[in-house]
Amino acid sequence: MDASVAPKPKKKRFKLKMPGAFVILFILTIVAVLATYMIPAGSYSKLSYSGSHLEISRPAGKTVKVPATQQELDKLGVKIKIKKFTSGGITQAVSIPNTYHRLKQRPAGLGAITTSMVNGTIEAVDIMVFIFVLGGLIGVVKASGAFESGLMALTKKTKGHEFLLIFMVSILMVLGGTLCGIEEEAVAFYPILVPIFIAMGYDSIVCVGAIFLSSSIGTAFSTINPFSVVIASNAAGINFTEGITWRIAGLVVAAAFVVAYLHWYSKKVKDTPSFSYSYEDKSSFDKMWSVSSEHTANTAFTMRKKIILVLFVVTFPIMVWGVMSQGWWFPTMASSFLLFAIIIMFITATGKYGIGEKGVVDAFTNGAASLVGVSLIIGLARGINLVMNNGMISDTILQYSSNLVAHVSGSVFIIVMMLIFFVLGFIVPSSSGLAVLAMPIFAPLADTVDIPRFAVVTAYQFGQYAMLFLAPTGLVMATLQMLDMKYSHWFKFVWPVVLFVLFFGGAILVMEVLFS
């Protein structure tokens, strides 16, 4: 062969890539707008408690007030104890069975694509402020050098037992999910744990698995979570303790499965870094989250840095305590984090090694700015739900779904119910929102086929959360945006867990039906 003849350059093959979080949500917003043209508009009458009376909101817009008595609920066919409303157990409007009414089509205009994004962001402002304050707090702690020094000390002590930390974090997140439904709040744990996982040789997927996946598994197998099983049981007209034995048994098995899966994957990544599903993004991920080299000249873990790190860490158990026992929500959590941020800013700015007032203010603002993308993702996901709600198509999908199970019974009924909740989880990603919308409609159907209502509550948990591991309308996109992880990498890792929840959950549901 003539050496002077240059080899033909290889043709670049077209490779379809999964778009980023913003593009996916933008596409889904357009799909939601188009759906308002194709899916008939309709609504159930809604029932809510206001002061000393019940308010019935008719689909046509008329509101009727009736006495807050059990007799009125029985007349309406709402099989819920009046005490659930008067005690505050149910605070959102619930659907009234057999009141679905077709309405004039309400198609969303092209302008809804952008206005829904804006309005969704406004609706999510409480979560966004919390995330901004969290980012500012992280920025100040990083600027103090406490992260770097503390991390070096921790990695020395855990050498050879790295997975123990993943195990402990996973179990704590599972407990947080099953007891109080930690979801958006879990975002706060990434900044403190991700740098540690990186230093131990793990990848971005292990980080999301130990935090988001574990907390979501806990929520899927909720035992006393007030935002999921408690409110769903209330809306179904039963006590949340019904079926709790099944949920506890399922939780134990599910937790063991997740820990074993994480152990398998993390060991593979530790032994062979190129095995990582997100290996192509390893350098950018490490650059974003690994400890900075700016402070390596002074890595001594001084008393000042220990105090800063203790103050930073203590904000998280305080947050969990506030959510579980004091009813805190995002504004209060943000206020708590801001208080500790101010104290840490004062310590970091002053003294011999202080970085000054401008230094800490810049660190706070830069830290907050780094999480703007995450905050916007949450708002855009909310916008998709607004489009469907304003187009009045969510209740229509609910009505069609109830018709699917109207003529089946036994084990088939409960499996189909779980699959319906799997689909509805994409449309209504809020656990409490789906509970009050769907449970008053679906729970009475269980009576007609002689199935306990708690089985429908369990089906709701398994179905919705199997979807929320995947649904861009839920929290997953904000999580992936925060860690700059591709959705395709996450899907490759999480699909076995989705199948586990559906198949293992389905087996539990069948046993609940057969042995009840």
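Going by the structure above, here's the rest.
First, a word on what this report is: a plain description of the structure on this page. (Residues numbered from 1 in each chain as written. Predicted model: local features only at pLDDT ≥ 70, side-chain atom pairs only at ≥ 80, totals over all residues. Heavy atoms only, no water.)

### What about the overall build of the chain?
Summing up its helical and strand segments, the chain has 22 helices and 6 strands in all. Computed over the C-alpha atoms, the radius of gyration of the chain is 25 Å, within 12% of the 24 Å expected from 2.2 N^0.38 for a compact globule of 516 residues. In terms of its C-alpha atoms, the chain occupies a principal-axis envelope of roughly 75 × 75 × 50 Å. Here the chain holds 516 residues, and 54% of them are scored as buried. (Helix = DSSP H or I, 4+ residues; strand = E, 2+ residues; numbered from the N terminus. Rg over C-alpha atoms; globule rule 2.2 N^0.38 Å. Buried < 20%, exposed > 50% of the residue type's maximum accessible area, 1.4 Å probe, protein only.)

### Some details on the pattern of salt bridges
Across all of its chains, the model carries 7 salt bridges by this definition. Note that lysine 46 is salt-bridged to aspartate 395, the shortest N-O span being 2.5 Å. Note that lysine 46 is positioned in strand β2 (residues 46-50) and aspartate 395 in helix α17 (residues 394-404), a separation of 349 residues in sequence. Assigned by exposure class, lysine 46 and aspartate 395 land together as buried. The salt bridge involving glutamate 72 is made with lysine 75; its shortest N-O contact spans 3.8 Å. Here glutamate 72 pairs with lysine 75, and both are found in helix α2 (residues 70-76), just 3 residues apart, close to one helical turn. One continuous salt-bridge network, built from bridges that share partners, spans Glu280, Asp281 and Lys486. (Salt bridge = Lys/Arg side-chain N within 4 Å of Asp/Glu carboxyl O.)

### Overview of the environment of lysine 352
Within the fold, lysine 352 resides in the loop between α14 (330-349) and α15 (356-369). Expressed as a C-alpha distance, the spacing of lysine 352 and proline 273, which sit 79 residues apart in the sequence, is 42 Å.

### Comments concerning the packing of helix α11 (residues 244-271) against helix α22 (residues 487-514)
The contact between α11 and α22 brings their axes to 11 Å, and the two run at 160°. On the basis of the axis angle, α11 is roughly antiparallel to α22. Considering the relative orientation of α11 and α22, their crossing is right-handed. In this structure, α11 contributes Trp246, Gly250, Val253, Ala254, Phe257, Tyr261, Leu262 and Tyr265 to the contact, and α22 contributes Phe493, Pro496, Val497, Phe500, Phe504, Ile508, Met511 and Glu512. Residue classes in the contact of α11 with α22 are distributed as 14 nonpolar, 1 polar and 1 charged. (Axes fitted to C-alpha atoms, helices over the stretch in contact; angles between N-to-C directions. Parallel < 35°, antiparallel > 145°, perpendicular 65-115°, else oblique. Left-handed = near helix turned anticlockwise from the far one by under 90°. Contact = heavy atoms within 4.5 Å. Nonpolar A, V, L, I, M, F, W, Y, C, P; charged D, E, K, R; others polar.)

### Description of the packing of aromatic side chains
Taken as a whole, this structure holds 19 aromatic pairs when the rule is applied. A ring pair is formed by tyrosine 261 and tryptophan 264, whose centres lie 5.9 Å apart and whose planes are at 10°; its orientation type is stacked. With tyrosine 261 and tryptophan 264 both in helix α11 and 3 residues apart, the pair spans about one turn of that helix. Where tyrosine 265 meets tyrosine 277, the ring centres are 5.0 Å apart and the plane angle is 55°; that geometry is what we call tilted. With tyrosine 265 in helix α11 and tyrosine 277 in the loop between α11 and α12 (282-289), this pair connects stretches of sequence that are 12 residues apart. A relative accessible area of 0% places tyrosine 265 in the buried class. (Phe/Tyr/Trp six-rings, centres within 6.5 Å; stacked < 30°, edge-to-face > 60°.)

### Remarks on the nonpolar core
Membership of the largest hydrophobic core comes to 175 residues, with the highest contact counts inside it found for Phe413, Phe421, Met439, Phe442 and Trp490. Aside from chain neighbours lying at most four places away, what touches phenylalanine 442 is Leu398, Ser401, Ser402, Met417, Ile420, Phe421, Leu424 and Val456. (Core = buried A, V, L, I, M, F, W, Y, C linked by side-chain atoms within 4.5 Å.)

### Some words on helix α5 (residues 125-144)
Relative to the 28 Å expected for 20 residues at 1.5 Å per residue, α5 spans 29 Å between its end C-alpha atoms, a close match to the ideal helical length. When you tally the buried positions in α5, you get 14 out of 20 residues, the bulk of the element. Phi for glycine 145, located one or two positions after α5, is positive at around 85°. (Expected span 1.5 Å × (residues − 1).)

### Brief notes about the packing of helix α18 (residues 410-427) against helix α20 (residues 453-468)
Contact geometry for α18 and α20: axes closest at 7 Å, N-to-C directions at 40°. When the interaxial angle is binned, α18 and α20 end up oblique. Here the hand of the crossing between α18 and α20 comes out right-handed. From α18, Phe413, Ile414, Met417, Met418, Phe421, Phe422, Gly425 and Phe426 reach across to α20, where they touch Ala455, Val456, Ala459, Tyr460, Phe462, Gly463, Gln464, Ala466, Met467 and Leu468. When the residues that make up the contact of α18 with α20 are grouped by side-chain class, the tally is 15 nonpolar, 3 polar and no charged.

### Focus on the side chain of threonine 479
Topologically, threonine 479 is positioned in helix α21 (residues 476-482). According to the relative accessible area criterion, threonine 479 is buried, its value standing at 1%. When sequence neighbours within four positions are dropped, the list of residues in contact with threonine 479 reads Tyr190, Val208 and Phe212.

### Considering the sheet that holds strand β5 (residues 94-95)
Read from one edge of the open sheet, 4 strands run β4-β3-β2-β5, paired in antiparallel fashion. Whereas interior strands pair on both sides, the edge strands pair on one side only; in this sheet they are β4 (63-67) and β5. (Pairing = 2+ DSSP bridges.)

### A closer look at a nonpolar patch on the surface
A grouping of Val23, Phe26, Ile27 and Val31 is seen on the molecular surface, where their side chains present a nonpolar patch of about 330 Å² in accessible area. Within the secondary structure, valine 23 is located in helix α1 (residues 21-38). Assessed through its relative accessible area of 42%, valine 23 is described here as partly exposed. (Patch = residues over 30% accessible without salt bridge, like charges linked within 9 Å, V, L, I, M, F, W, Y side chains within 5 Å. Areas by Shrake-Rupley, 256 points an atom, 1.4 Å probe, with all protein chains shown as cover.)

### Overview of helix α8 (residues 190-199)
The buried fraction of α8 is high, at 9 of 10 residues. Taken as a whole, α8 has its buried residues at Tyr190, Pro191, Ile192, Leu193, Val194, Pro195, Ile196, Phe197 and Ile198. Remark: glycine 201 follows α8 within two positions and exhibits a positive phi of approximately 95°.

### Concerning the environment of phenylalanine 301
Mapped onto the elements, phenylalanine 301 comes out in the loop between α12 and α13 (303-325). Phenylalanine 301 gets classed as partly exposed once you look at its relative accessible area, which sits at 30%. Along the backbone, phenylalanine 301 and serine 149 are 152 residues apart, and their C-alpha atoms lie at a distance of 5.1 Å. Other than its neighbours up to four places away in sequence, phenylalanine 301 contacts Ala146, Ser149, Gly150, Ala153, Lys306 and Leu309.

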